[in-house]
Amino acid sequence: AVAASARQVVKAYGVGETRVVALDRVDVDIARGAFTAIMGPSGSGKSTLMHCLAGLDTVTEGHISIGEHEITRLKDKKLTQLRRDRIGFIFQAFNLLPTLNAYENITLPMDIAGRKPDRAWVEQVIGTVGLADRLTHRPNQLSGGQQQGAPPSGSWGRVAVARALAARPEIIFGDEPTGNLDSRAGAELLGFLRRSVDELGQTIVMVTHDPVAAAYADRVLYLADGRLVDEMHRPTAEQVL
Ligand code: ADP
Ligand code: ADP
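Cut-offs applied
Residues numbered from 1 in each chain as written. Chains lettered and ligands numbered in written order. Predicted model: local features only at pLDDT ≥ 70, side-chain atom pairs only at ≥ 80, totals over all residues. Heavy atoms only, no water. Axes fitted to C-alpha atoms, helices over the stretch in contact; angles between N-to-C directions. Helix = DSSP H or I, 4+ residues; strand = E, 2+ residues; numbered from the N terminus. Parallel < 35°, antiparallel > 145°, perpendicular 65-115°, else oblique. Left-handed = near helix turned anticlockwise from the far one by under 90°. Contact = heavy atoms within 4.5 Å. Nonpolar A, V, L, I, M, F, W, Y, C, P; charged D, E, K, R; others polar. Buried < 20%, exposed > 50% of the residue type's maximum accessible area, 1.4 Å probe, protein only. Polar contact = N/O pair within 3.5 Å; in protein donor to acceptor, adjacent residues only side chain to side chain. Near = heavy atom within 4 Å. Areas by Shrake-Rupley, 256 points an atom, 1.4 Å probe, with all protein chains shown as cover. Salt bridge = Lys/Arg side-chain N within 4 Å of Asp/Glu carboxyl O. Pairing = 2+ DSSP bridges.

Enquirer: For this particular structure, what's the right way to read the packing of helix H4 (residues 119–128) against helix H6 (residues 183–200)?
Expert: Packed helices, taken two at a time, are described by the angle their axes make and the gap between the axes. In the contact formed by H4 and H6, the axes pass within 10 Å of each other and the chain directions differ by 135°. When the interaxial angle is binned, H4 and H6 end up oblique. Note that H4 runs across H6; the crossing there is right-handed. Touching Trp121, Gln124, Val125 and Thr128 of H4 are Phe192, Arg195 and Leu200, all from H6. Looking at the contact of H4 with H6 residue by residue, the classes come out as four nonpolar, two polar and one charged.

Structure below.
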């Protein structure tokens, strides 16, 4: 089954002399229950493709579907609603609220959407990321001795992953989710993403330029100059390199 698809998607920024074609007739199907990585050089269109697939950005031409919904036909209000109800995000700066504890951060999107959390599911998610005994900690208390201003630690990543999973989204998009983490914390976060696919059946699409991160995926798509130029299935880090 297909969780998301792009058909002949063109995305151009600017007009006339300053026009940049970031995506040039991209066709892709994202399989449900799989972990897909998008790789490619800087400026190849990775973030643009993710933003278009996630309905964060409009396309210039072509069509995007999430499940059975063609999102390129939806009006702003419906699109916002679909994003809120069906899509999870993990950004590089995890965007957690330091004044809320881990549990409150995890359930915040559902609170905003006015949805009741499915308690059993939220508990399963919390178990998957190993936060069960730290739910009342605030994010900056989670990792104890870490210094002010230090990059976010693995604990932030756990909360960010749990928050994305908790609302049972059809698909989670990650934009360089390990970009701010050291290699140990990055590996931990990727391990949780992998487990959420294997154990919970989650669909994940992740943009990364890190071959080690991409090696956690089932499928790696390669972009160059706004086109899909290659793909690999279950590659090793060496193959991705
Ligand atoms: P990547 O994520 O692979 O680094 P991007 O999707 O960010 O690539 O960018 C693809 C191309 O689109 C680049 O040439 C970039 O400069 C251009 N681009 C991205 N965002 C904008 C924008 N908001 N305005 C103008 N050009 C943009
Ligand atoms: P941790 O120990 O969980 O890594 P830190 O104590 O290093 O957290 O974080 C210091 C402060 O930096 C936090 O109180 C928070 O305000 C801010 N911060 C850290 N990471 C993030 C992030 N990903 N997004 C937003 N703010 C952050």
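Enquirer: How should I be thinking about the environment of arginine 7 in this particular structure?
Expert: Tracing the backbone shows arginine 7 in strand E1 (residues 2–13). Given a relative accessible area of 37%, arginine 7 falls into the partly exposed group. Spatially, the C-alpha atom of arginine 7 lies 19 Å from that of arginine 219, the residues being 212 residues apart in sequence. Not counting the four nearest positions on each side in its chain, arginine 7 is found in contact with Val26, Asp27, Val28, Asp29, Gly62 and His63. Polar contacts involving the side chain of arginine 7 include one to the side chain of aspartate 29, which spans 2.8 Å.

Enquirer: Explanation requested: the site of ligand 1 in the structure shown.
Expert: Close to ligand 1 lie Tyr13, Val20, Ala22, Pro41, Ser42, Gly43, Ser44, Gly45, Lys46, Ser47 and Thr48, which account for all nearby residues. A distance of 3.5 Å is found between an oxygen atom of ligand 1 and a backbone nitrogen or oxygen belonging to proline 41. Separating an oxygen atom of ligand 1 from a side-chain N or O atom of lysine 46 is a distance of 2.8 Å. The protein chains hide 58% of the 560 Å² of surface that ligand 1 would expose on its own. Here the shell around ligand 1 gets three residues from one element, more than from any other, and that element is helix H1 (residues 46–53). Looking at the shell around ligand 1, its residues break down into four nonpolar, six polar and one charged.

Enquirer: Quick question: what am I supposed to make of the environment of threonine 80 here?
Expert: If you trace the backbone, threonine 80 turns up in helix H2 (residues 76–86). Along the primary structure threonine 80 and leucine 56 are separated by 24 residues, whereas in three dimensions their C-alpha atoms are 8.8 Å apart. Among the polar contacts made by the side chain of threonine 80, one reaches the main-chain carbonyl oxygen of aspartate 76 at a distance of 2.8 Å.

Enquirer: I would appreciate a short explanation of the pattern of salt bridges in the present structure.
Expert: Side-chain pairs of opposite charge can arise whenever the charged atoms involved come near each other. Applying the stated criterion across every chain yields a total of 15 salt bridges. Aspartate 57 is paired through a salt bridge with lysine 11; the nearest N and O atoms lie 3.3 Å apart. Of this pair, aspartate 57 sits in the loop between H1 and strand E4 (61–66) while lysine 11 sits in strand E1, and the two are 46 residues apart along the sequence. The class of aspartate 57 is partly exposed, set by a relative accessible area of 25%. On the basis of relative accessible area, lysine 11 is assigned to the buried category, the value being 7%. The salt bridge partner of glutamate 199 is arginine 195, with a shortest N-O separation of 3.2 Å. You can see glutamate 199 and its partner arginine 195 sitting in helix H6, four residues apart, about one turn around the helix. Residues joined by salt bridges that share partners form a network here, namely Arg194, Asp198, Asp218 and Arg234.

Enquirer: For this particular structure, what's the right way to read the sheet that holds strand E8 (residues 204–207)?
Expert: Across a sheet, strands are paired by hydrogen bonds formed along the backbone, either parallel or antiparallel in direction. The six strands lie next to each other as E6-E7-E8-E3-E9-E10, forming an open sheet whose pairing is mixed. Taken across any chain shown, the strands that pair with only one partner, and hence form the sheet edges, are strand E6 (87–90) and strand E10 (227–233). Averaged over all neighbouring strand pairs, the angle between strand axes comes to 20°, with direction disregarded. The pairing of strand E3 (residues 35–39) with E8 spans four bridges and is parallel. Bridge assignment links isoleucine 38 to a residue of E8, and that residue is valine 207. Relative to E6, H2 is tilted by about 70°, and along the sheet it contacts E6 and strand E7 (171–175). Across the sheet, H6 touches E3, E6 and E8, and the angle it forms with E8 is around 155°.

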